[in-house]
Each structure stands twice: as structure tokens, then as C-alpha cells.
Amino acid sequence: DIADGDRFTFYIKSSLAQATENTLVWKNGTTGQVNIIADIPNSPGFNQWEMRDIDISAAAGINQIGIVTTTQTNGLTKFDLFTSDAKLHQFDNDLKVVNGDMYFIAKQNLSENFTCAIKNAGQMAVSGSAYTVKLMQAPNTELASVSGIDIASLEEATITVNHTFTTLSENRLFFKIEFSDDDYLANNTFREANVSVVPNTVDISTIGIIDTQLFTPFTAGGSSQTLGEDDLVEALYYNDEFNTSGYVYGVAYKYDNLLDTDKVTNYPLKVWVTQTNLDNLGDGWTPNEELILVFDGVVEILPGNNLDLYIPFDVPLLTNGQDNLVVRTYQYDPEWPPSIVRFLGENNTTGNIRTLGALEVFDLDPDN
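The sections below set out a description of the structure shown in this document. (Residues numbered from 1 in each chain as written. Predicted model: local features only at pLDDT ≥ 70, side-chain atom pairs only at ≥ 80, totals over all residues. Heavy atoms only, no water.)

Remarks on unusual backbone geometry
So, step 1. The linkage connecting Ala138 with the following residue, Pro139, adopts the cis geometry, with an omega of 10°.
So, step 2. Examined against the element boundaries, Pro139 turns out to sit in the loop between β10 (131-137) and β11 (141-147).
So, step 3. Across the junction of Thr216 and Pro217, the peptide omega takes the value 15°, indicating a cis bond.
So, step 4. You will see that Leu154, though not glycine, has its phi angle at about 65°, which is positive.
So, step 5. One can find Leu154 in the loop between β11 and β12 (156-164).
So, step 6. The backbone of Asp333 shows a phi angle near 45°, a positive value even though the residue is not glycine.
So, step 7. On the secondary structure map, Asp333 appears in the loop between β22 (324-331) and β23 (341-345). (Helix = DSSP H or I, 4+ residues; strand = E, 2+ residues; numbered from the N terminus.)

Topic: the side chain of Ser339
So, step 1. With respect to the helices and strands, the residue Ser339 is situated in the loop between β22 and β23.
So, step 2. Relative accessible area serves as the criterion here: at 1%, Ser339 is assigned to the buried category.
So, step 3. Of note is the side chain of Ser339, whose polar atom sits 3.0 Å from the side chain of Tyr267.
So, step 4. Each residue touching Ser339, except ones within four places of it in the same chain, is listed here: Ala220, Asn257, Leu259, Thr265, Tyr267 and Ile301. (Buried < 20%, exposed > 50% of the residue type's maximum accessible area, 1.4 Å probe, protein only. Polar contact = N/O pair within 3.5 Å; in protein donor to acceptor, adjacent residues only side chain to side chain. Contact = heavy atoms within 4.5 Å.)

Considering the sheet that holds strand β2 (residues 22-27)
So, step 1. With antiparallel pairing, the 3 strands of this open sheet are ordered in space as β3-β2-β5. Edge positions in the open sheet fall to β3 (34-40) and β5 (64-69), since each of these has one partner strand only. Within this sheet the neighbouring strands show an average axis-to-axis angle of 30°, counted without direction.
So, step 2. Where β2 and β5 come together, 6 bridges link them in antiparallel fashion. In the strand pairing of β5, Trp26 is matched with Ile65. (Pairing = 2+ DSSP bridges. Axes fitted to C-alpha atoms, helices over the stretch in contact; angles between N-to-C directions.)

Observations regarding the environment of Leu95
So, step 1. Along the chain, Leu95 turns up in strand β7 (residues 95-99).
So, step 2. Residue classification places Leu95 among the buried residues on the basis of a relative accessible area of 0%.
So, step 3. Between the C-alpha atoms of Leu95 and Thr189, which are 94 residues apart in sequence, the distance is 9.9 Å.
So, step 4. Setting aside residues up to four positions removed in sequence, Leu95 forms contacts with Lys119, Asn120, Val126, Tyr131, Ile151, Ile177, Phe179, Asp182, Asn187 and Asn188.

Topic: the sheet that holds strand β17 (residues 231-237)
Hydrogen bonding along the main chain pairs the strands of a sheet, whether they run parallel or antiparallel.
So, step 1. Pairing is antiparallel across the open sheet formed by 4 strands, whose spatial order is β17-β22-β19-β20. Of all the strands in the sheet, the pair left with one neighbour each is β17 and β20 (292-301). Direction aside, neighbouring strands of the sheet carry axes that sit 20° apart on average.
So, step 2. As defined by bridge partners, strand β19 (residues 265-276) adjoins β20 across 9 bridges and the pair is classed as antiparallel. Within β20, the residue paired with Lys270 across the bridge is Asp296.

In C-alpha cells:
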């Protein structure tokens, strides 16, 4: 809630090598239009905290303040201790979804629980009968909904929506709050999540243990000096680690995203698999003609830790329960700026073999 004459104060510190160029901007709270207030004075080499004090009268009203970095080259600038004469505005009625991440699989013909966390960011308490929480399929199809629960100002609550999928499918799902008195609708939804529907007879086999962070199946340097581009990795998984015959529907890797910001990063990825009687990859790459392309698309790296990157196969792979499995991944031309992703796995390397912990293989006995 900004008034004429209000000021915005903060501290800034640039790296010794190169300072970034930064601009203080304001976003119209109604239209979303972004406007420039002033460039932020900065210079390379001082490497110490300096205060900046800027008049924000141009942003008077119920609006938002932010800093935009406009540098086209590498550089580093840090900010801290933001203060202002402006008062934090709290709407009378404002429900928001604060966490709507979902597990990456659902089983066919079984009722699944989809849970989200919501918060009452408004000044007024809200009755559970005044709003509903909906499970949505992108772009805007309602799958299921439940009534809310009474929630006091600044209180959080967990809401569970149940839904049964009847067909095998790949889905983009998200949560939506329906609240007719809401004064601020921009936070009533959460980012979309990929959910794969698999047969209700699948089992999940976890391979290896988690004891370290790895750079495979790909790194995350993006297009910066070729780091992270054209990452080609081939790994061998032993039959006794998943120990069954049947259809493999996909694989999942555990990962941490070291980039502490709420940003989803896209990575083009191709995955091939094949069965083999080899017990090591010491003789080099598996011939291309022996590999089966099972995924060719884009995967998302989410913010957070101990997350799952699930790669659904375009067509389930039938395994014989006797041979080992080769998985080749090819990541190329990643989005820039990238995430800082580290995969979680087992530090167990012999020659060209590395066993990733928490590689999850979905298999189904074809006789059932």
C-alpha cells in the first residue's frame, strides 16, 4: 500500500569481477503492467554492502515492488535488508494455494488422494462452506472438488481431493480454489504437475541406495560454455535389482535442486533402453541399432529437495526377467538459465557402471 513520498531502502553488494545492471520496478496490482521506477546505482569491485534509498512515489497505490536484473553478461549482485515506508497490504479475503505438488503416478481404477496446502492470506476468517478446492486437468477441466474447512486469518490448512482415473493416460493436473469473495485471484491456482496413470497391478522396484549427489543422468549447466549440453549417459541395471519379468512403464530419479527459487526449468531429453546379457559396459557404448527409443520430450526440474523426476515410456517395455537393462539418456539444449540439479544415488562405480539409487522401475506381470 504505497503512498506519495514513500521510500524503498535496501543494501546491495557486487562481486569483485563484474557488477550486474539492476532496475527498480513496480507492477500494477490490478492490470499486472510493469513500469520502471529508477535504475539502481551499482559499480563493480567494491565488494561491500552499500545502502540504496529510492523514492517510490511513482508506484502509489495497491501495487508491487521488485528488482529486475537486465545484464546480458555474467555477473553477481546480492541484496539484503529491504525496508520501506509503504505498508504491507492485506486483502480482506484472500485464499491461496501454497503447495500443490503431486506424486507422479496414479493407479487405474483406484481412488487416489491428491493433497494441497492452502493459506488464508486475508484479514477475515473464511468459512469452509464459502469455498471449494478443485482438482483440475489442464487447460481448464474440473475432475473433482471438495468443500473447504474453516480457516482463520493467516492460518494454513491441508485439503485432500479424491479422484479415480479409468484410463491409462498422461495428465497435466493442478489445484484451484473457487472462492467468490476472493479479492486477489492470481494465487488461487498452483503450477501444473505431470501425473501418469498406470495399471493398478504395478509394483515399484527401488534400485540402489541414496548416499551421495551425482551429475548423472545429466548436469545442469545449460548453454553456458557448453556445460550441460549434449550430455550422453549410459547405465546398466542388473536384473536381480528389479527381479521380475513384465512391462516396464518408466523410470524415476531422485534429485535435489540447489537453486533456491520457485522456478521450473525445462530440459529436452531422449531415453533409450534395451535388454542385455552383458554384466558391465567396459567395452563401450551399446550399438544404436540395439536400443529402443522410449521417451522423446521435455522433462521439468522443480524447486525443492528429494524430488522425483519420472520419465514415462511412450510404450511399455516387455522384459524377460533374466537379462540386465541398459538405459541411455541424452539431454540437450537446456533452458537458460538452468536449474542446479543434483541427482541422488549410490556412489558405486566400476569402470563405466554407476548404479543410481532410487531408480524406480514399474513392472507388471504380463500373465495377470
